[in-house]
Amino acid sequence: MVLYVLTMVIFLAGLYAAMAKKNIMKTVIGMLIMDYAVNLMLVLIGYRRDGLPPIMTSANEPASAFVDPLPQALIVTSIVIGLAMTALMAALCVRLYQRYGTFDTLHMRKLKG
Amino acid sequence: MDNSQLLPLLIAVPLGGAFIIPLAGRLREKAAEAIALLVGVALLVLAAAALAGPASVYRMGKWPPPFGIVIVGDSLSCLMLILIAVLSLCIIIYALGYMKRFTARPKFYSLLMLMIAGMNGVVLTGDIFNLYVFLEIAAISSYALVAFGTEDQELEAAFKYLVLSGVASSFILLGIALLYSKTGTLNMAHLAKLISAAPADRVVQFVMALFIAGFGLKAAMVPFHAWLPDAHPSAPAPISAMLSGLLIKALGVYAIIRIFNGIFSVSGTLSTILIVMGLLSMVIGVLLAVGQWDLKRLLAYHSISQMGYVVLGIGLGTPLGLAGAIFHMVNHGVFKSLLFLCSGAVERSTGTRNLKELGGLCHRMPVTCTTCSIASLSISGVPPFNGFWSKLLIIIAAVQAASTMGNVAYVIAGITIFVSFMTLVSFVKVQKYVIFGKLPEKLAAVKEAPVRMCISLVVLAVLCVGLGVFSHAALRKLVLPARDAALDKAAYVERVLPEWGSQAVTLGEQ
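Residues numbered from 1 in each chain as written. Chains lettered and ligands numbered in written order. Predicted model: local features only at pLDDT ≥ 70, side-chain atom pairs only at ≥ 80, totals over all residues. Heavy atoms only, no water.

Draft legend 1. Layout of empty space enclosed by the protein. With the rule as written, the count across this model stands at 3 cavities of 30 Å³ or more. Taken as a whole, the largest cavity spans an internal volume of roughly 120 Å³. In terms of lining, the largest cavity is formed by 16 residues, of which the most central are A:Met31, A:Asp35, A:Met85, B:Gly166 and B:Ser170. Among the secondary structure elements, those contributing two or more residues to the lining of the largest cavity are α2 (24-46) and α3 (69-100) of chain A together with α5 (128-146) and α6 (152-183) of chain B. Residue contributions to the lining of the largest cavity peak at 6 residues, all from α3(A). Taken together, the residues of the lining of the largest cavity sort by class into 8 nonpolar, 6 polar and 2 charged. (1 Å grid on protein atoms, 1.4 Å probe; cavity = no way out; pocket = protein on both sides within 12 Å on 5 of 7 lines; lining within 4 Å. Points joined across faces, edges and corners; volume = space filled by probe spheres on them. Helix = DSSP H or I, 4+ residues; strand = E, 2+ residues; numbered from the N terminus. Nonpolar A, V, L, I, M, F, W, Y, C, P; charged D, E, K, R; others polar.)

Printed below as a string of C-alpha cells:
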C-alpha cells in the first residue's frame with residue numbers, strides 16, 4: 001500500500017511541475033515524471049511477491065506463481081508513446097527558444113483572448 | 001456478407017497512406033496529393049460498406065476475447081466512421097487548394113492520414129488500452145499539425161495544447177491501470193460485465209473521476225477548456241476544421257459515450273457532473289464567443305459551447321437525450337467544419353480574420369458567403385437546418401427529465417434555449433461584419449476561393465440542409481440505431497463475447 005501511495009506522490013509531483021512551473025523545460029520534465037509514475041504504477045499492479053518471471057518451463061506450474069506479464073507489455077507500449085511525446089515536446093522547446101530566446105513562459109505572450 | 005474483414009482496413013489504409021505519402025512526396029508532390037485523395041475516397045467506400053452491413057466483430061490474430069484485441073463495428077462506431085470519412089474527404093479536397101502556400105505538403109498529408117487512422121482506431125476498438133494507444137496516435141499527430149505553420153503563435157498554442165492534452169492522457173492511462181488492477185481485464189465488454197456485476201466501490205469511482213478529467217480535457221469541457229481557443233485557431237484552416245469537427249468528438253465525446261454508457265452507467269452523481277459540465281461549457285463558451293473579434297477564435301469558443309450541448313444530452317441519461325447528443329455531435333461535425341473551412345477561405349482571400357477589417361464580401365465571394373450563412377443558421381438552431389432538430393431533441397429531453405429531477409429540468413431547458421439565442425446573436429455579428437456591410441477599399445479586388453475549396457464548401461452545405469430537411473430519416477436510419485448500440489450494454493457484451501453466453505462471471509475468477 002505504501003508503494004502505491006508513494007507512486008501517487010510521484011505522479012502528483014509531476015503534475016505540479018507540469019502545471020505550475022514557468023520554465024518550459026521544467027514543464028517537460030514534469031510531464032516525464034508523470035509518465036514514469038504511471039508506468040511504475042503498472043509495474044506495481046503486475047507485481048507479485050516472490051513471483052517468477054512469466055516464462056512457462058513446465059505445464060505443472062500454476063499461473064499464480066508468475067508475475068502478471070500483461071502490464072509489462074503495456075509499459076513497453078506506453079514508453080514508446082512517451083518517447084514520441086518527449087521528442088515532439090523537445091522539438092517545440094527548441095523552436096520556441098529560437099523564436100523568443102528564453103524558456104520562460106512569461107515572455108511568450110503572443111496569444112491573447 | 002460478413003463485413004468484419006473490412007474493419008481493420010479502415011485503420012490500415014490511412015496508416016499505410018501515412019507511410020507511403022512522404023516517400024511518394026520525395027519524388028513528386030502531386031503524387032502525395034493524389035494518394036491522400038485516393039485514401040480519402042477509399043475510406044469513404046469502406047465506411048459506407050461497414051455502415052450498410054450488420055454489426056460485426058473482428059478478432060486481431062484470431063485470439064479469442066478477452067485475451068486478444070477485438071475491433072467492434074456496431075452502429076455507433078459505424079456512424080462515427082462515416083462522419084470521419086465524409087469530413088476527411090471534404091477536408092482533403094479543400095486542402096488541395098488551401099495548402100498551396102505552405103511548404104512540406106507531403107508531411108502535412110502524412111500527419112493528416114495518421115490522425116485519421118488514430119480516430120478510426122479510437123472509434124473501432126473494443127479494448128480499452130488499445131483505445132489509449134489510438135488516442136495518442138491521433139493526439140500526437142494533431143500537436144504536430146497545430147504547430148505546422150511554425151510561427152510564434154502556432155508554436156505557443158501547440159505547446160500549451162501538448163502539455164494539457166498530455167496530462168489528460170496520463171490521467172486516462174492511470175485510470176486504465178487502476179481499472180486493470182481492479183478487474184484483471186482490458187476488454188471493454190468484459191469490463192462492462194465485471195463492473196455491472198460488482199457494486200461500485202472507491203476504485204471505480206476514482207477511475208470515473210480520472211476519466212471525466214481526462215476525456216473532459218480532450219473534449220474541451222469548461223473547467224478544462226483553456227487549450228482549445230488557442231490550438232484550434234492557430235492551425236491551418238483544414239486542420240482547424242478537422243480538430244473542431246472530428247478530433248474533440250472522436251477522442252472526447254465518443255469515448256465518454258462509449259465508456260460511461262458501455263462500461264459504467266450514467267446515473268446519480270455522474271449524471272449530475274456531466275450535466276453541470278455541459279451547462280458550464282454551453283454558457284461560458286457562448287459568452288466568451290460573443291466578445292471575440294477574431295473569426296476563428298470566435299468559432300473555437302462556439303465549439304466549446306456546442307460540445308456542452310452534447311455532454312448535457314449524455315448527462316441527462318435518458319434515451320432521447322442521448323439520441324439528441326449523438327445527432328448534435330454529427331451535426332456539429334458538419335457545420336463547424338464548414339464554418340472553419342469558410343473562415344479559411346476568407347482568410348486566404350483577404351489576408352485577415354479580424355472581423356473589423358472585413359465586410360461586404362457577399363458579392364465578391366458568393367459561394368463562401370452562401371455556405372457560411374447556411375452553416376451559421378445551422379449552428380444557431382434555425383429551422384429547417386440540421387442544428388435545430390438536434391437542439392430541439394436535447395431541449396425536449398431536458399423538459400422530460402422534470403419527472404425525475406423536478407423543476408431544475410425546466411431551468412436546464414431554459415438555459416439551453418438562452419444559449420441557442422446567444423449563438424444566434426454572435427453569428428448575426430459574423431454575418432454583419434463579414435458578409436454584409438460595406439466592402440473596405442483594401443478588399444475591393446478580393447477573389448472567390450479556388451474551385452477545389454468551393455467543392456468541399458458546397459458539399460458540406462448540402463449536408464447541412466440535407467440533414468435538416470431529412471432529419472427524420474437521418475434519425476431513424478443513423479442516430480437511433482447508434483443510440484441503441486450505445487445504451488444496450490448486454491447486446492455489446494453478447495456481440496464481443498459470444499462464447500460466454502449467460503455464463504456468470506464474477507470478480508474473483510480472472
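Resuming the write-up.
Draft legend 2. Expanded view of the side chain of B:Ser165. Position of B:Ser165 among the secondary structure elements: in helix α6. If we ignore the near neighbours within four places in the chain, the residues touching B:Ser165 are B:Ala139, B:Tyr143 and B:Lys218. (Contact = heavy atoms within 4.5 Å.)

Draft legend 3. Representation of unusual backbone geometry in the model. Residues and elements named next belong to chain B. Residue Pro384 is reached from Pro383 by a cis peptide bond, and omega for that bond is 5°. Mapped onto the secondary structure, Pro384 falls in the loop between α14 (366-380) and α15 (386-400). In this structure, Ala220 takes a positive phi of about 60° despite not being glycine. Mapped onto the elements, Ala220 comes out in the loop between α8 (202-218) and α9 (228-234). Look at Ala220 and you get buried, because its relative accessible area is 0%. (Buried < 20%, exposed > 50% of the residue type's maximum accessible area, 1.4 Å probe, protein only.)

Draft legend 4. Expanded view of the interface of chain A and chain B. Between chain A and chain B, the contact holds 37 residues from the first and 37 residues from the second. Overall, the association of chain A and chain B removes approximately 3,300 Å² of surface from exposure, summing both partners, and the carbon and sulfur fraction of that is 78%. For the pair chain A and chain B, the interface holds 1 salt bridge. Residues B:Asp152 and A:Arg99 are paired through a salt bridge, measuring 3.3 Å at the closest nitrogen-oxygen approach. (Buried area = accessible area lost by both parts, 1.4 Å probe. Salt bridge = Lys/Arg side-chain N within 4 Å of Asp/Glu carboxyl O.)

Draft legend 5. Representation of the packing of α5(B) against α6(B) within the structure. Residue and element names in this part refer to chain B. Running from N to C, α5 and α6 cross one another at 175°; their axes reach a closest spacing of 9 Å. If you check the angle between α5 and α6, you find them roughly antiparallel. Along the contact surface, α5 presents Ile128, Phe129, Tyr132, Leu135, Glu136, Ala139, Ser142, Tyr143 and Val146, while α6 presents Glu154, Ala157, Ala158, Tyr161, Leu162, Ser165, Gly166, Ser169, Ile172, Leu173, Ile176 and Leu179. Of the residues in the contact of α5 with α6, the class split is 15 nonpolar, 4 polar and 2 charged. (Axes fitted to C-alpha atoms, helices over the stretch in contact; angles between N-to-C directions. Parallel < 35°, antiparallel > 145°, perpendicular 65-115°, else oblique.)

Draft legend 6. Local environment of the environment of B:Lys336. All names here are of chain B. Along the chain, the position of Lys336 falls in helix α13 (residues 319-350). Sequence separation between Lys336 and Phe19 is 317 residues, and the spatial gap between their C-alpha atoms is 29 Å. Every residue in contact with Lys336, bar those within four places of it in the chain, is listed here: Ser244, Leu299, His302, Ser303 and Ile379. Within the structure, Lys336 has its side chain in polar contact with the backbone oxygen of Leu299 (distance 3.0 Å). (Polar contact = N/O pair within 3.5 Å; in protein donor to acceptor, adjacent residues only side chain to side chain.)

Draft legend 7. Quick look at the nonpolar core. Residue and element names in this part refer to chain B. In terms of nonpolar packing, the biggest core is built from 213 residues, with Met119, Ile128, Phe211 and Phe264 touching the most fellow members. Of the residues forming this core, the biggest block, 19 residues, is contributed by α6. Setting aside residues up to four positions removed in sequence, Ile128 forms contacts with Ile176, Leu179, Leu186, Met188, Leu191, Phe211, Ile259 and Ile263. (Core = buried A, V, L, I, M, F, W, Y, C linked by side-chain atoms within 4.5 Å.)

Draft legend 8. Structural detail: a positive patch on the surface. Residue and element names in this part refer to chain B. A contiguous patch of positive charge, built from Lys30, Lys100, Arg101, Arg348 and Arg452, is present on the exposed surface. Relative to the helices and strands, Arg348 resides in helix α13. Classification of Arg348 by relative accessible area gives partly exposed; the value is 33%. (Patch = residues over 30% accessible without salt bridge, like charges linked within 9 Å, V, L, I, M, F, W, Y side chains within 5 Å. Areas by Shrake-Rupley, 256 points an atom, 1.4 Å probe, with all protein chains shown as cover. Lys, Arg positive; Asp, Glu negative; His and termini not counted. Charge placed at Lys NZ, Arg CZ, Asp CG, Glu CD.)

Draft legend 9. Expanded view of the pattern of salt bridges. All names here are of chain B. Per the counting criterion, the structure on display carries 12 salt bridges over all chains. The salt bridge involving Asp201 is made with Lys182; its shortest N-O contact spans 2.7 Å. You can see Asp201 sitting in the loop between α7 (188-197) and α8 and its partner Lys182 sitting in helix α6, a full 19 residues away along the chain. The salt bridge partner of Asp294 is Arg353, with a shortest N-O separation of 3.0 Å. Taken together, the residues span a long stretch of sequence, with Asp294 in the loop between α11 (268-290) and α12 (295-316) and Arg353 in the loop between α13 and α14 at a distance of 59 residues. On the accessibility criterion, Arg353 (18% relative accessible area) is buried. One continuous salt-bridge network, built from bridges that share partners, spans Glu29, Glu33 and Arg105.

Such coordinate-based values are descriptive only and should not be taken to indicate function.
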